[in-house]
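Chain by chain, the residues run as shown.
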Amino acid sequence: MTTNAKTGLTVALLCAAFSVLAVAFLSDSGGARRNRPAIALVDTNFLDTSTTRKSYADLVRAGADLSDFDCYVCHDKKSPPPLRFDANLNIIVAEEHIGPSQFSEDDIGANELEGLVERFRRHSDPVSTFVWQSLSNSQQLLLTNYKPSEQSSKQAREIVLSALNNIITNAAQPFYEPGRFNEVLLGAETMLLMQQNPTGCALAHLNRLLLEDAYPVELSRNRQNDIVMGHGKHGRNNNCFNCHNETNLTLLQPRDGRDLTFADSTQLCGSCHGPTYRDWLAGAHGRISGYWDRGSSPFSEDEIRDLPKLADRLSHQSDPVSGFVWQQLSKPGQVLLANYQPSASNSKPAQDVVLQVLNKIIGEPSIYQPDRFKGILLAPETASLMQQGPQDTNSARLNRLLLEDAFPMELTRNQRRDCVNCHNPHAPPFPSRKPAPGPHPLREIANMAESQTARK
Amino acid sequence: MSKPPSSPAGTPAPPANAMGRRSFLRTSAVVTTGLAALAASVKPLLEMNDLPTMQQFLQKYYKEMTPEDMAKVLKRIEDEVEKQYGLRPHVRDLKPMDGVEFVYCLNLTRCIGCRKCVHACVAENNESRDPEIQYIRVLRLPDGSLDIDKADHFYAPDAVPEKGFFYMPVQCQQCENPPCVKVCPVHATWQDADGITVIDYDWCIGCRYCEAACPYWARRFNFTKPSIPKERLNPDMAYLGNRPRRQGVMEKCHFCIQRTRAGRYPACVEVCPAGARKFGNILDPDSEVSYILKSKRVFIQLKSEMGTKPRFFYYFDV
């Protein structure tokens, strides 16, 4: 082979090699991104980070309606309620405490009917499929053609309610099946009730709980009258009077015989859970939100929970603290708040005025005066801070706590509160804050999960 | 030199350096193939649609910027974000506070492995959704062992916690002796006075040395342009924190600098339903982290044998 021929062959081979490489580059062959396995979403109801539950202590502080907690509406004040036990020595809870098992119209959120119908129509999960199959053909047709309008919504709401309530009351066919609730995160109370193999009314109650767990966004949990028995996992603390005073149900009584009010329930919890109570006092137990820097935490916009109510209290100077805050306002600020009417357009200036005055007060020396705070129930943390004496370094923190105590329903507290705030079965469930704008996170995630399953 | 042979027909022979038809075709084929190969090899450059602007390219080093320079940079970032996402953010350059050193404590007894912290972190810190970048990895470990080789972070049960397992979330440990800072060739990452190791995304060249140096796999690289839905953008931003990153830079957990340097708790602390996460100032003797480190009997620093001295402590309820 001559030199020219060798050169020609080499060039031809190189050309061929480059051509192959060029084709490979252009077609991305071998260079496609490898998809890593998706990290599963276990429980993603995370966007509501605020602790907006109101504890009994908060309600007392705010002077709110406590009729839900008035034991003596039904019980005779002079004698303790009689306790009845079943064969296993478990206390039998009176039916009045169990709450309504049927859904009413208010239990379906104003904007949630559409989502609920959509889930039924699309058979988005086994529970929805079950509900859909329980409907008659004509009902299915109505829901299939459902479009949000006044007339159509009314019909759809009635159909949905009757379907849900039929499931609740139908004792012949068990609603719970493991396969059906595979993807549902069951609540603690549901699990507890399920273990007891309930029948009759209790079964209806369980069915309602299951539906609430399956549709946590769409259906509200209206169980203000519930009493959860069987505190703790060991099943021994199953008696009303382990915690309540026998002769006065509105008082709590730890083992040492002290009488405590509901506002001091933390001390009752601490009488058994000593190490946890110690951690809690130090801030190391339980959920916490807000500011790690407790000395310099001014109020921010999202910490004004109820601006209209706050403006009303301030402008009417309904109590000495409101009067004091009012005095600190500038004249234009007073005029603005006095004329404040809740609307989207004028909320911002009013909010700014309120924030300015509250944060100005925080920066001042201690605002505590016995007369000014007479009748206001102070949180244990406020009380313990006051006992440390007036130190300049703590005055900002103390003032903030005092303001939070004075306006418990209007301002968000940034510290943890009491045990019942997290462990209170009477508290409304999370989430109670308005959902973020845009598609609901749970739906978005459901769609994402669906598309992932389809891709597989 | 020999005389070139004359053509048999008597026509003058072409000059020796003239290009014949064959050589022309051969040369054309070689040149065309070469150009095609060159074009194919530079094709990835066409996909780089996230090139820095001139202002960004000429920007000074973070530590050399005057307040006026920084104000201009913050305005530029706000403009860019507004143009891209249709939402005017509030970008701040928050400095470390005096007398503050952050420490994180995580109670392994309490953690239930729900991954709420992971998703809250993604939402708070404007992390890319596609491909998904997550700063926190939750490891599932069998009871009675701390052997990371047995850990699984792709676990997907129907419900957590699972019997026989415990969970250990891992994120940037904010080491006192950070190997990632040492290897950075351009000083785009450094440790601030409050203990947070930060990254200047405008200074990072994307060499990924830090990723290789980190023993906790805490650093993430933006292989593609991050994608964040407009309605999910968190407009409360910090320069060294959660402002949107571009393709080709590193990012990692910064203890939610936009929150913590303003006195607030990080998002993962607030969202933890079990109260397993605790955060605070170790220089404050009354803080919860001081209490935990003083009173809890068992705590570990992950891979402490590496000498990185993490500011992230794991502890157990005794």
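In this text the structure is predicted, and so the values were computed from the model without any measurement. (Residues numbered from 1 in each chain as written. Chains lettered and ligands numbered in written order. Predicted model: local features only at pLDDT ≥ 70, side-chain atom pairs only at ≥ 80, totals over all residues. Heavy atoms only, no water.)

## Observations regarding the overall build of chain A
Here comes step 1: Scanning chain A for helices and strands turns up 18 helices and zero strands.
Here comes step 2: Taken over 456 residues, chain A has a buried fraction of 40%.
Here comes step 3: Here the analysis covers contacts within chain A between residues at least 6 apart in sequence; of these, 67% occur between residues at least 24 apart. (Helix = DSSP H or I, 4+ residues; strand = E, 2+ residues; numbered from the N terminus. Buried < 20%, exposed > 50% of the residue type's maximum accessible area, 1.4 Å probe, protein only. Contact = heavy atoms within 4.5 Å.)

## A closer look at the side chain of Glu270(B)
Here comes step 1: Along the polypeptide, Glu270(B) turns up in helix H9 (residues 267-271).
Here comes step 2: A distance of 2.9 Å separates polar atoms of two side chains, one belonging to Glu270(B) and the other to Arg259(B). (Polar contact = N/O pair within 3.5 Å; in protein donor to acceptor, adjacent residues only side chain to side chain.)

## Section: the environment of Trp326(A)
Residue and element names in this part refer to chain A.
Here comes step 1: Within the element layout of this structure, Trp326 appears in helix H12 (residues 320-328).
Here comes step 2: Distance in space between the C-alpha atoms of Trp326 and Val354 is 9.7 Å, their sequence separation being 28 residues.
Here comes step 3: When neighbours within four sequence positions are excluded, Trp326 is seen to be in contact with Leu314, Ser315, Gln317, Gln334, Leu337 and Ala338.

## Digging into the pairing of strand S3 (residues 137-142) of chain B
Side chains on a regular strand alternate between the two faces of the sheet.
Residue and element names in this part refer to chain B.
Here comes step 1: Burial runs high along S3: five of the six residues are buried.
Here comes step 2: Across six bridges, the pairing between S3 and strand S4 (residues 165-170) is antiparallel. Bridging from a neighbouring strand, Pro142 pairs with Phe165 of S4. (Pairing = 2+ DSSP bridges.)

## Structural notes on the environment of Phe165(B)
Residues and elements named next belong to chain B.
Here comes step 1: If you trace the backbone, Phe165 turns up in strand S4.
Here comes step 2: A relative accessible area of 30% places Phe165 in the partly exposed class.
Here comes step 3: When the C-alpha positions of Phe165 and Ile112 are compared, they lie 9.5 Å apart, and in sequence the two are 53 residues distant.

## Considerations on the state of the cysteines
Residues and elements named next belong to chain B.
Here comes step 1: Counted according to the given criterion, the structure contains zero disulfides over all chains.
Here comes step 2: Here Cys268 stays unpaired: no disulfide links it, and the sulfur of Cys256, its closest cysteine neighbor, is 5.8 Å away.
Here comes step 3: For Cys268, a relative accessible area of 6% translates into the label buried. (Disulfide = S-S within 2.5 Å.)

## Digging into the packing of helix H1 (residues 3-27) of chain A against helix H1 (residues 21-41) of chain B
Two numbers describe a pair of packed helices, the interaxial angle and the distance between the axes.
Here comes step 1: Running from N to C, H1(A) and H1(B) point in directions that differ by 30°, and their axes come no closer than 9 Å. Judged on the interaxial angle alone, H1(B) and H1(A) are roughly parallel. In terms of crossing hand, the pair formed by H1(A) and H1(B) is left-handed. Along its contact with H1(A), which presents Val11(A), Cys15(A), Phe18(A), Ser19(A), Ala22(A), Phe25(A) and Leu26(A), the element H1(B) presents Val30(B), Thr33(B), Ala36(B), Ala37(B), Ala40(B) and Ser41(B).
Here comes step 2: Residue composition of the contact of H1(A) with H1(B), by class: ten nonpolar, three polar and no charged. (Axes fitted to C-alpha atoms, helices over the stretch in contact; angles between N-to-C directions. Parallel < 35°, antiparallel > 145°, perpendicular 65-115°, else oblique. Left-handed = near helix turned anticlockwise from the far one by under 90°. Nonpolar A, V, L, I, M, F, W, Y, C, P; charged D, E, K, R; others polar.)

## Structural notes on helix H14 (residues 347-362) of chain A
Here comes step 1: Taking 1.5 Å per residue, 16 residues should reach 22 Å; H14(A) reaches 22 Å between its end C-alpha atoms and fits that length.
Here comes step 2: Among the residues of H14(A), those classed as buried are Ala350(A), Gln351(A), Val353(A), Val354(A), Leu355(A), Val357(A), Leu358(A), Ile361(A) and Ile362(A). (Expected span 1.5 Å × (residues − 1).)

## Comments concerning the packing of aromatic side chains
Here comes step 1: Here the structure, examined in full by the defined rule, presents 19 aromatic pairs over all chains.
Here comes step 2: Ring plane angle 10° and centroid distance 6.3 Å describe the contact between Tyr277(A) and Trp280(A), whose orientation is recorded as stacked. Here the residue Tyr277(A) and the residue Trp280(A) both occupy positions in helix H10 (residues 274-281), the gap between them amounting to three residues, near one helical turn.
Here comes step 3: Classification of Trp280(A) as buried rests on a relative accessible area of 10%.
Here comes step 4: Measuring from ring centre to ring centre gives 5.0 Å for Phe102(B) and Phe279(B), while their planes differ by 25°; the resulting arrangement is stacked. One end of the pair, Phe102(B), is in strand S2 (residues 102-107); the other, Phe279(B), is in strand S10 (residues 277-281), and 177 residues separate them in sequence.
Here comes step 5: Chaining the aromatic ring pairs together yields one cluster made of Trp292(A), Phe102(B), Tyr104(B), Phe255(B), Phe279(B), Phe312(B) and Tyr314(B).
Here comes step 6: Directly above the ring of Phe324(A) sits Arg372(A), whose terminal nitrogen or CZ lies 3.8 Å from the centroid. (Phe/Tyr/Trp six-rings, centres within 6.5 Å; stacked < 30°, edge-to-face > 60°. Lys NZ or Arg CZ within 6 Å of the ring centre and 35° of its normal.)

## Description of the pattern of salt bridges
Here comes step 1: In total, this model carries 35 salt bridges over all chains according to the counting rule given.
Here comes step 2: Across the pair Glu404(A) and Arg400(A) runs a salt bridge, and its minimum N-O distance is 2.8 Å. With Glu404(A) and Arg400(A) both in helix H16 (residues 392-406) and four residues apart, the pair spans about one turn of that helix. An identical accessibility class is assigned to Glu404(A) and Arg400(A); each is buried.
Here comes step 3: Through salt bridges that share partners, Lys75(B), Glu78(B), Asp79(B), Glu82(B) and Arg88(B) make up one connected network. (Salt bridge = Lys/Arg side-chain N within 4 Å of Asp/Glu carboxyl O.)

## Quick notes on unusual backbone geometry
Residue and element names in this part refer to chain B.
Here comes step 1: Look at the link from Asp130 to Pro131: it is a cis peptide, with omega at 0°.
Here comes step 2: Tracing the chain through its elements places Pro131 in the loop between helix H5 (116-124) and S3.
Here comes step 3: Positive phi is not limited to glycine here, since Arg208 has a value of about 70°.
Here comes step 4: Along the chain, the position of Arg208 falls in the loop between strand S6 (197-199) and helix H7 (209-213).
Here comes step 5: On the basis of relative accessible area, Arg208 is assigned to the partly exposed category, the value being 33%.
Here comes step 6: At Trp217, a residue that is not glycine, the phi angle is positive and equals roughly 50°.

## A look at the nonpolar core
Here comes step 1: Judged by nonpolar contacts, the single largest core of 64 residues is most densely connected at Ile136(B), Met168(B), Tyr239(B), Phe255(B), Phe279(B) and Tyr314(B).
Here comes step 2: Elements supplying a minimum of two residues to this core: helix H4 (67-85), S2, H5, S3, S4, strand S8 (236-238), H9 and strand S12 (312-316) of chain B.
Here comes step 3: The greatest single-element share of this core, amounting to six residues, is contributed by H4(B).
Here comes step 4: If we skip the residues at most four places from it in the chain, Ile136(B) touches Cys117(B), Val118(B), Cys121(B), Pro169(B), Val170(B), Gln171(B), Cys268(B) and Arg277(B).
Here comes step 5: Grouped together as the second largest cluster of nonpolar side chains are 36 residues, Phe130(A), Val131(A), Ala163(A) and Ala214(A) included. (Core = buried A, V, L, I, M, F, W, Y, C linked by side-chain atoms within 4.5 Å.)

## Observations regarding the confidence of the model for chain B
Here comes step 1: When pLDDT is averaged along chain B, the result is 88; 93% of the residues meet or exceed 70.
Here comes step 2: Model confidence for the complex: the whole-complex pTM is 0.66, and ipTM, which rates the interface, is 0.78. (pLDDT = per-residue confidence, 0-100.)

## Points about the confidence of the model for chain A
Residue and element names in this part refer to chain A.
Here comes step 1: Per-residue confidence for chain A gives a mean pLDDT of 76; residues scoring 70 or more make up 73%.
Here comes step 2: Within chain A, no element has a lower average pLDDT than helix H18 (residues 441-455), which sits at 59, and none a higher one than H12, at 93.
Here comes step 3: Confidence drops under a pLDDT of 50 for residues 42-52, and excluding neighbours within four residues, the segment shows 42 contacts in the predicted structure.
Here comes step 4: For the stretch residues 428-443, pLDDT sits under 50, and the model shows 33 contacts to residues farther than four places along the chain or on other chains.

## Considerations on the environment of Thr190(A)
Residues and elements named next belong to chain A.
Here comes step 1: Considering the arrangement of structural elements, one finds Thr190 in helix H7 (residues 188-195).
Here comes step 2: When its relative accessible area of 1% is taken as the criterion, Thr190 is described as buried.
Here comes step 3: Separated by 23 residues in the primary sequence, Thr190 and Asp213 place their C-alpha atoms 8.3 Å from one another.
Here comes step 4: Here Thr190 is in contact with Leu206, Leu209, Leu210 and Asp213, once residues within four sequence places are set aside.

## Side note on helix H11 (residues 307-316) of chain A
Residues and elements named next belong to chain A.
Here comes step 1: Burial in H11 covers these residues: Leu307, Leu310, Ala311, Arg313 and Leu314. For H11, the arc enclosing every buried residue in end-on projection is 165°, short of the 170-degree limit, so these residues lie on one face.
Here comes step 2: Sitting at the head of H11, Asp306 places a side-chain oxygen 3.3 Å from the backbone nitrogen of Lys309.
Here comes step 3: Immediately beyond the C-terminal end of H11, within one or two residues, lies Gln317, with a positive phi of roughly 45°. (Arc of directions from axis to C-beta.)

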